[in-house]
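Here is what each chain is made of, one letter per residue.
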Amino acid sequence: MEMDTPEVLNASARTLHTLPEDQPDLASMRAWAGALLKDLHEDVQLDVLLVCTELASNAYEHAEGPRAVRVQRHTDFVRVEVDDHTPAELPQLGESRLGDSRGRGLILVAQLSRAWGTLGFTGGKTIWAELGV
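Residues numbered from 1 in each chain as written. Predicted model: local features only at pLDDT ≥ 70, side-chain atom pairs only at ≥ 80, totals over all residues. Heavy atoms only, no water.

1. So, the overall build of the protein chain
Stated precisely, the cut-off is as follows: Each helix corresponds to a stretch of at least 4 residues labelled H or I by DSSP, and each strand to a stretch of at least 2 residues labelled E; elements are numbered beginning at the N terminus. Categorising residues by exposure relies on relative accessible area from a 1.4 Å probe, with only protein chains included: less than 20% of the type maximum marks a residue as buried, more than 50% marks it as exposed, and the intermediate range marks it as partly exposed. Contacts were defined at the residue level, with two residues in contact if any of their heavy atoms lie within 4.5 Å. Per-residue accessibility takes into account occlusion by the displayed protein chains alone, with areas from the Shrake-Rupley method and a 1.4 Å probe.
A count of helices and strands for the protein chain gives 3 helices and 5 strands. When its helices and strands are written in sequence order, the protein chain yields β-α-α-β-β-α-β-β. Within the span of the protein chain, comprising 133 residues, buried residues form 44% of the whole. At a minimum sequence separation of 6, the contacts of the protein chain that also span at least 24 residues come to 63%. Carbon and sulfur atoms make up 48% of the accessible area of the protein chain, which totals about 7100 Å².

Below, the structure is given as C-alpha cells:
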C-alpha cells in the first residue's frame, strides 16, 4: 500500500490517503492524519482522528470500495472527507442496518462537527464533516 508522505498542511492544502481495499488499516490512517495535524491543539487532533475513524469505519461496513480519506485544512476549520463507491447507501443519523446496538457513530460525528453531510458523484458518494480549530 502506498501512502502520501505526512506533512503539516498549510491553509487550504488538501491531502489524500487511499484506504486498503480488503481490510481497514485504521491505525495507519490515524497515524497519517495525526502527522498532518500535529501542530493543532491535542483536543482538536483527537476530535479529527475520531471523525476520520468513524467515517472510514462506516465506509467499510456499509459501502464498497475503493475508499479514500481526504483532509483539508482551512484557517478556522478542518474538513474530513471519506469517499466510497456505493451511491445508494446514504447514512442515516442514529440508524444502522447492522442492528440496534449500532448506529451511534454518525451521532458522535454530528456532535463533534460544526457541520456534516453527503455529496454524490458518479458511482459513489463522499461523506464529509467540518470541525472547528
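2. A word on the pattern of salt bridges
Stated precisely, the cut-off is as follows: Basic side-chain nitrogens of Lys or Arg form a salt bridge, by our definition, when they fall within 4 Å of a carboxyl oxygen of Asp or Glu.
By the definition in use, this model includes 8 salt bridges. Between Arg114 and Asp76 there is a salt bridge, and its shortest N-O distance comes to 3.9 Å. Placement of Arg114 in the loop between helix H3 (105-112) and strand E4 (115-121) and of Asp76 in the loop between strand E2 (68-73) and strand E3 (77-84) is noted, with a sequence separation of 38 residues between them. On the basis of relative accessible area, Asp76 is assigned to the partly exposed category, the value being 45%.

3. Thoughts on helix H2 (residues 42-62)
Where we set the bar: Residue count minus one, scaled by 1.5 Å, sets the expected span of a helix.
For H2, built from 21 residues, the straight-helix expectation of 30 Å at 1.5 Å per residue is met to within 8% by its first-to-last C-alpha distance of 30 Å. Of all the positions in H2, only Val44, Gln45, Val48, Leu49, Val51, Cys52, Thr53, Leu55, Ala56, Ser57, Ala59 and Tyr60 are classed as buried. Taken together, the buried residues of H2 touch helix H1 (26-36), E2, E3, H3 and strand E5 (124-132).

4. Regarding the packing of aromatic side chains
To be explicit about the condition: Only rings of Phe, Tyr and Trp enter the pairing, Trp through its six-membered ring, and a pair is recorded when the two centres are within 6.5 Å. The plane angle decides the type: under 30 degrees is stacked, over 60 is edge-to-face, the rest tilted. Criterion for a charge above a ring: Arg CZ or Lys NZ at most 6 Å from the ring centre, at most 35 degrees from the ring normal.
According to the stated counting rule, one finds 0 aromatic pairs in the structure shown. Over the aromatic face of Tyr60 sits the side chain of Arg67, whose NZ or CZ is 4.3 Å from the ring centroid. Directly above the aromatic system of Phe77 lies the positively charged group of Arg114, at a separation of 4.1 Å from the ring centroid.

5. Side note on unusual backbone geometry
Residue Pro66 follows Gly65 across a cis peptide bond; omega there is 5°. Locating Pro66 in the fold gives a position in the loop between H2 and E2.

6. Side note on the packing of H1 against H2
Put simply, the rule reads: The axes are straight lines fitted to the C-alpha atoms, using for helices just the contacting stretch, and the angles between their N-to-C directions are given from 0 to 180°. Two helices cross in a left-handed way if the nearer one is turned anticlockwise from the farther one by less than a right angle. They cross in a right-handed way if the turn is clockwise. The residue classification treats Ala, Val, Leu, Ile, Met, Phe, Trp, Tyr, Cys and Pro as nonpolar and Asp, Glu, Lys and Arg as charged. All others, Gly included, are polar.
Where H1 contacts H2, the two axes come as close as 10 Å, and the packing angle between them is 145°. By crossing handedness, the relation of H1 to H2 is classed as right-handed. Contacts between H1 and H2 involve Leu26, Met29, Arg30, Ala33 and Gly34 from the first element and Gln45, Leu49, Leu50, Cys52, Thr53, Ala56 and Ser57 from the second. Partitioned by chemical class, the residues of the contact of H1 with H2 number 7 nonpolar, 4 polar and 1 charged.

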